[in-house]
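# Structural characterization, general
Residue-level listing of the chains:
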Amino acid sequence: MKLLAIESSCDDTAAAVVEDGREILSSIVASQVERHAVFGGVVPEIASRMHIEAISGVVTTALEKAGYSLFDIDGVAVTHTPGLIGALLVGVNYAKGLALGANLPLIPVHHLRSHIAANYLTHRELAPPFLSLVVSGGHSHIIEVRDYTRFKVIGRTRDDAAGETLDKVARTLGLPYPGGLNLDREARGGDKSAYKFPHPKVSTGAYDFSFSGLKTAAVNAIHNASQKNEGINIADFGASFIASVVDFLSGNTESAANDLGYKKIVLAGGVSANSVLRERMKKICKRNGWELYMPELSLCGDNAAMVGSQGYFEFLRGNTADMSLNARASMEIG
Ligand code: KG4
Ligand code: ZN
């Protein structure tokens, strides 16, 4: 089954053709990064307008690269939640038009489900059940993936997401957007014990996260240093801060897997590209004798191939939509 997939939940306009949920026939991502970089973050209004400008060309190119016309396609999958509402609406409306015009099934896909599905493309043998750490710009969840379309969130952030926290600290250090990625690069080779950050505590919810205290401590440290005209060593500061974030993410994931008996761990979301998180999870899984799955780097961030993968499994479950499909800014994963 060949699906045309569309993703426009944030600042990437993406389309892909994916076969049977596992094989990428084409994947096109038009990034808006340069346009938002001058503002230090995504401007929703600009994102919506840029999606409108890009979507037609991106979809056409994805079909061309795959060597198919719309009439060779068996369904249209689209991210409909969660994300920036104006941005999502562009993709949803375009997908509805294509599905209606070509008389194809329309398959709505949850963005976090698709981030997890990026792993089905990288690791063709991977199948649920497993435990997933999903870390993106807007979410930090530990999720029991019981089946391709059944999920239970067992840990979540009480305040800021991990990606959002890394972006904010990177920006305060003067690094360009997207901060998480640039902080990862700048921090390589830095001394992770050079700066100390408080160990965040969450009183309820054994696997929950809280990043706002850590973020405030880091931002205050940067401001204090600049007021005293003291320099900050960006590599050391970045390495120390990333280590604190990764300690928290990996520690809760290890506890959850131990308590619940999961031996398969799956990373997902933009922050799963982080080099320190990847290395740490490798160590933890090796120590415990667990299998670790991570998306290849090109599939960690937003793309439509992952939507085409998850869309296939949604279709098999009968999860299609009619022309009343709407976008939603937020929705639980399961
Ligand atoms: O999944 P994603 O592309 O978009 C959302 O769904 O939010 O995640 C974006 C987040 C941003 O916060 C970005 O800074 C972060 O992923 N990110 C990274 C790295 N690459 C992207 N964070 C840490 N290290 C990276 N290498
Ligand atoms: Zn995402």
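Residues numbered from 1 in each chain as written. Chains lettered and ligands numbered in written order. Predicted model: local features only at pLDDT ≥ 70, side-chain atom pairs only at ≥ 80, totals over all residues. Heavy atoms only, no water.

## Let's talk about the site of ligand 1
Surrounding ligand 1, one finds 17 residues, the nearest of these being H115, G137, D167, D184 and G270. At 3.0 Å, a side-chain N or O of H111 approaches an oxygen atom of ligand 1. Contact between ligand 1 and H115: an oxygen atom at 2.9 Å from a side-chain N or O atom of the residue. Relative to its free-state accessible area of 550 Å², ligand 1 is covered by the protein chains to the extent of 85%. Counting only elements with at least two residues in the shell around ligand 1, the list comes to α4 (111–122), α5 (162–172) and α6 (179–187). Taken together, the residues of the shell around ligand 1 sort by class into four nonpolar, ten polar and three charged. In terms of domain composition, the shell around ligand 1 takes at least three residues from each of domain 1 (2–116 + 302–316) and domain 2 (127–298). (Near = heavy atom within 4 Å. Polar contact = N/O pair within 3.5 Å; in protein donor to acceptor, adjacent residues only side chain to side chain. Areas by Shrake-Rupley, 256 points an atom, 1.4 Å probe, with all protein chains shown as cover. Helix = DSSP H or I, 4+ residues; strand = E, 2+ residues; numbered from the N terminus. Nonpolar A, V, L, I, M, F, W, Y, C, P; charged D, E, K, R; others polar. Domains from an automatic or database assignment.)

## A look at the domain arrangement of the chain
A common measure of how large an interface is: the accessible area buried when the components associate. Looking at the chain, the domain boundaries give domain 1 (2–116 + 302–316) and domain 2 (127–298). Listed per partner, the contact involves 18 residues of domain 1 and 18 residues of domain 2. It is L112, H115 and I116 in domain 1 that bury the most area against domain 2; as a group they hold 41% of the surface buried on that side. At the boundary of domain 1 and domain 2, one finds zero salt bridges. At the junction of domain 1 with domain 2, the criterion picks out four residue pairs in polar contact (both at pLDDT 80 or more). Residue assignment for the side of domain 1 that touches domain 2 shows that the elements contributing at least two residues are α1 (33–37), α4 and α10 (305–316). Ranked by residue count, the leading element in the side of domain 1 that touches domain 2 is α4, at four residues. (Contact = heavy atoms within 4.5 Å. Buried area = accessible area lost by both parts, 1.4 Å probe. Salt bridge = Lys/Arg side-chain N within 4 Å of Asp/Glu carboxyl O.)

## With respect to the packing of α4 against α10
Packing of α4 against α10 brings their axes to within 7 Å, and their N-to-C directions diverge by 95°. The orientation of α4 relative to α10 falls into the category roughly perpendicular. Side by side, α4 and α10 meet where H111, R113, S114, H115, A117, A118, Y120 and L121 of the first sit next to A305, M306, V307, S309, Q310, F313 and E314 of the second. Looking at the contact of α4 with α10, its residues break down into eight nonpolar, five polar and two charged. (Axes fitted to C-alpha atoms, helices over the stretch in contact; angles between N-to-C directions. Parallel < 35°, antiparallel > 145°, perpendicular 65-115°, else oblique.)

## Some remarks on the coordination of the zinc ion (ligand 2)
The coordination sphere of the zinc ion (ligand 2), as far as protein atoms go, consists of H111 (NE2), H115 (NE2) and D302 (OD), spread over 2.0 to 2.1 Å. The sequence pattern describing where the donors of the zinc ion (ligand 2) fall on their chain is H-x3-H-x186-D. Highlighted residues: H111 and H115, both in helix α4, separated by four residues, approximately one helical turn. For H111, a relative accessible area of 7% corresponds to the buried category. Overall, H115 belongs to the buried group, its relative accessible area being 1%. (Donors = N, O, S within 2.8 Å, 3.2 Å for Na, K, Ca; no water. Buried < 20%, exposed > 50% of the residue type's maximum accessible area, 1.4 Å probe, protein only.)

## A short note on unusual backbone geometry
That bond from T81 to P82 is cis: its omega, -20°, falls within 30 degrees of zero. If you trace the backbone, P82 turns up in the loop between β4 (75–81) and α3 (85–102). Note that the residue after P128, namely P129, is joined by a cis bond; omega there is 5°. Phi at N103 takes a positive value of approximately 55°, unusual for a residue other than glycine. Residue classification places N103 among the exposed residues on the basis of a relative accessible area of 70%. Not every positive phi belongs to a glycine, and N229 is a case in point at roughly 60°. In this structure, N229 sits in the loop between α7 (212–227) and α8 (234–260). For N229, a relative accessible area of 73% gives the class exposed.

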